[in-house]
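Observations on chain architecture
The lines below spell out each chain.
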Amino acid sequence: MGQYTVSTRKNVRILLVGDAGVGKTSLILSLVSEEYPEEVPPRAEEITIPANVTPEQVPTSIVDFSSVEQTEETLGLEINKAHVVCIVYAVDDDDSLDRITSHWLPFIRSKCNASLEGDAETEPETEAAGECLRKPIVLVGNKVDLIDYSTMDSVLAIMEDFPEIESCVECSAKTLHNISEMFYYAQKAVLHPTSPLYMMEDQELTPACKKSLVRIFKICDIDGDNLLNDYELNLFQRRCFNTPLQPQILDEVKAVIQKNVPDGIYNDAVTLKGFLFLHCLFIQRGRNETTWAVLRRFGYNDQLEMCQEYLRPPLKIPPGSSTELSHRGQQFLIAVFERYDRDGDGALSPEEHKMLFSVCPASPWSYSTDIRKSCPINDNGWVTLHGWLCRWTLMTLIDVVKTMEYLAYLGFNVHENDSQLAAIHVTRERRIDLAKRQSSRSVYKCHVIGPNGSGKTGLCRGFLVEEMQKLIGKEFKTNVVHCINSVQVYGQEKHLILRDIDVRHALDPLQPQEVNCDVACLVYDSSNPRSFEYVARIYIKYYAESKIPVMIVGTKCDMDERRQDYLMQPAEFCDKYKLLPPHLFSLKTNKKELYTKLATMAAFPRFQAAWILFYKHRLVQLWESAHLRQFGLIAEEHKLFWRAGLGVAAATMIGFIVLKTLNISGSHSR
């Protein structure tokens, strides 16, 4: 079925053991010289065959054992260093055949188990140490030129009792019959082992292999109908073997499946049962490399676990940079969502969500709590496509490694024919954004900080719903601290992540990861006279000397505003520290310009002074003056900007025009 992916193993070490006189050394020398040696030494020196002359393109070392020259202790060490052991017997000597089960196989098992017990006490020094319990075995019957019958029936009976036996072969060192094949089988036993895939005694795929193939089937089932049609089978063939599947071969494959598994074909497409049977057939026919090629293409290692290199490709993130989904990443996630949105209602029900992540070890988040309290959902509490992309955007910013893992589980590497790095965009460093006075990011992090009872959690949760009044009177006890939604900043969609910073005690210091963000929202309860003091202290201690934009918000403005028990009132405080006047907020008003303001401040982090100037010079009135109309500025457009949250770039531009025109440039400080 075309080319296949080889194992990532860097070398193969083959050890030959067996009774004296069975021809171990002759086999090695015949392979190297391609002729039968007239004189045979007690033991051949270790040889290494270069990668370019081996079928699997892997350097291969061949090690001989001699009971005359070496001790049993040395043999034990060699067994544990080897990746595969060839037990050689003479086909014309029944005693050497019997010794396979009476001595050699039990001896190899004991040495492997002893090594495994030793590794439990110390760190394993070699890769082989971790494989000792199931050391692959190849049975080799030499001197087939001396008999006119086969020992295969006896050998096959042995294989049923010892699952570590990968294969068996009869050969002749004298005639060179099957010499190359013998070493190929030994290589294959290491690079494409049978035991992780197939249980000889049960004649079935192992549970781990079946689980892996089920995941692969689901990933390749693009239309989600639980069938692989001709188009999907051809994509599968190209991804795994880099070659198309010819129509005639495809028809033959279907015919074989139909003959052996009646429900393996449905509507001229392959079912899951048919797909599993096909791989079972490959293995039974000795075509392990085909199944291994598929498994490795989808990220599995020799233990049928997802490779860490496949799940977590190295990603360099410079200090001050952040991570976002690229366009390719977003498009892939949209396609996955639409595939599992079976009823086409634009949302994932709990069952659809469960099915989607059935190809993963577990869901990356809790559907019942995390999804419903961290991103937009519909009236049923189900995540919408918009909420789906928001939740992935959140995870990509705060845990990009987890995002890459789950993209691999879902098949991004296969569908896009590239690593998950293509799904991630690393933004430029924040210091460059500050120098350019404009952020290139599309995802911003806002920390919402305030004393207990200030209403900051309600403020965060209000970001997710259309009608904030529905949240009034609800309890917000939850471990979910992030809320994400999108806002429009000058016609561009930006994602804003609100992080609810938990404040247990007023005097508790904030950690650096709780302070650092793109914009800070300091919240106090305008109806509580003791609420503002905490916010003021937080600003002075952590933000007064920083370059992080800050917005002070007074919540519960629908209630009677109380004078604050502090040295300055909120408006005076903001004026002194050159902050915007306090933004008054209430869930009852259902006004969301606060979130647009926060996102805009994050997008233009160095323009806070211009925002203050905008308020200070009462540009609402100036917009409507004839003096500004000569610049082509229209009052109605200004009002639109005002309602949208006073876009800071526009405010800066207008501020500069006003200053120049009215000659009041000296009335402010940067």
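Since this is a predicted model, take the numbers as computed values, not measurements. Each chain has its residues counted from 1, running along the sequence as written. Owing to the predicted nature of the model, reporting of local features is limited to residues with pLDDT of at least 70; listing and counting of side-chain atom pairs is limited to 80 or more, with chain, interface and lining totals taken over all residues. With hydrogens and water stripped out, all remaining heavy atoms of the structure feed into the side-chain values.

Below, the discussion takes up the packing of helix α7 (residues 230-241) against helix α10 (residues 288-297). Angles run from 0 to 180 degrees between N-to-C directions of axes, and those axes are lines fitted to C-alpha atoms, restricted for helices to the stretch in contact. Here a helix means four or more residues in a row that DSSP labels H or I, a strand means two or more in a row labelled E, and each is numbered from the N terminus. Relative orientation of the contacting elements α7 and α10 amounts to 90°, with a least axis distance of 9 Å. When the axes of α7 and α10 are compared, the pair comes out roughly perpendicular. Contacts between α7 and α10 involve F236, R239, C240 and F241 on the former and, on the latter, T290, A293, V294 and R297. Under the scheme applied, nonpolar residues are Ala, Val, Leu, Ile, Met, Phe, Trp, Tyr, Cys and Pro; charged residues are Asp, Glu, Lys and Arg; polar residues are all the others, including Gly. Looking at the contact of α7 with α10 residue by residue, the class counts come to 5 nonpolar, 1 polar and 2 charged. Note that the term roughly parallel is reserved for angles under 35 degrees, roughly antiparallel for angles over 145, roughly perpendicular for angles of 65 to 115, and oblique for everything else. Residue contacts follow a heavy-atom distance rule, with two residues in contact if any of their heavy atoms lie within 4.5 Å.

Two packed helices can be described by the angle between their axes and the distance between those axes. The contact between helix α12 (residues 327-340) and helix α15 (residues 385-398) brings their axes to 10 Å, and the two run at 135°. Classified by the interaxial angle, the pair formed by α12 and α15 is oblique. Pair α12 / α15 crosses with right-handed handedness. Within the contact between the two elements, α12 uses Q330, L333, I334, V336 and F337 and α15 uses L385, W388, L389 and W392. The handedness criterion is simple: a crossing whose near helix is rotated anticlockwise from the far helix by less than a right angle is left-handed, and one whose near helix is rotated clockwise is right-handed.

Let us look at the confidence of the model for the chain. Any region with low pLDDT has predicted coordinates that should not be read closely. pLDDT measures the predictor's confidence residue by residue and takes values from 0 up to 100. Predicted confidence across the chain gives a mean pLDDT of 85, with 85% of residues reaching 70 or more. This stretch, residues 1-6, has a pLDDT under 50; its non-local contacts, to residues over four places away or in other chains, come to 22 contacts. In the model, residues 120-132 has pLDDT below 50 throughout and makes 16 contacts with residues more than four positions away in sequence or in other chains.

Moving on, we get to the environment of E338. Turning to its location among the elements, E338 is positioned in helix α12. Between the alpha carbons of E338 and L348 there is a distance of 9.1 Å; along the sequence they are 10 residues apart.

Here we come to the pairing of strand β16 (residues 482-489). Buried residues dominate β16, accounting for 7 of its 8 residues. When DSSP locates at least two bridges between a pair of strands, those strands are taken to pair. Pairing analysis gives 8 bridges linking β16 to strand β17 (residues 492-500), with the strands arranged antiparallel. Opposite Q488, over in β17, you have E493 as the bridge partner. The turn joining β16 and β17, which pair antiparallel and follow one another in sequence, is formed by 2 residues; a positive phi near 55° is taken by Y490. Buried means the residue's accessible area, taken with a 1.4 Å probe over protein chains only, is under 20% of the maximum for its type, while exposed means over 50%, and partly exposed covers the values in between.

Moving on, we get to the side chain of S374. Note on placement: S374 falls in helix α14 (residues 367-374). Among the residues examined, S374 registers a relative accessible area of 1% and is labelled buried.

What makes a salt bridge here is a side-chain nitrogen of Lys or Arg within 4 Å of a carboxyl oxygen of Asp or Glu, nothing more. Inspection of the entire model under this criterion finds 20 salt bridges. With its nearest N and O atoms 3.3 Å apart, the salt bridge here joins E78 to R13. Taken as a pair, E78 in helix α2 (residues 72-81) and R13 in strand β1 (residues 12-18) lie far apart in primary sequence, 65 residues in all. Exposure remark for E78: the relative accessible area of 14% places this residue in the buried category. Note on R13: relative accessible area 12%, which makes it buried. Residues joined in a network through salt bridges with shared partners are R13, E46 and E78.

Note on aromatic contacts: the rings of Phe and Tyr and the six-membered ring of Trp form a pair at centre separations within 6.5 Å, being stacked when their planes are under 30 degrees apart, edge-to-face when over 60 apart, and tilted otherwise. Per the counting criterion, the structure on display carries 23 aromatic pairs. The interplanar angle of 80° and the centroid separation of 5.6 Å between the aromatic rings of W365 and W392 together place this pair among those described as edge-to-face. Pair noted here: W365 is in the loop between α13 (350-356) and α14 and W392 is in helix α15, with a separation of 27 residues, a long-range link. Here W365 matches W392 in class, with each residue buried. Seen in terms of ring centroids, Y539 and F573 are 5.8 Å apart; in terms of plane orientation they differ by 80°. Their pairing is edge-to-face.

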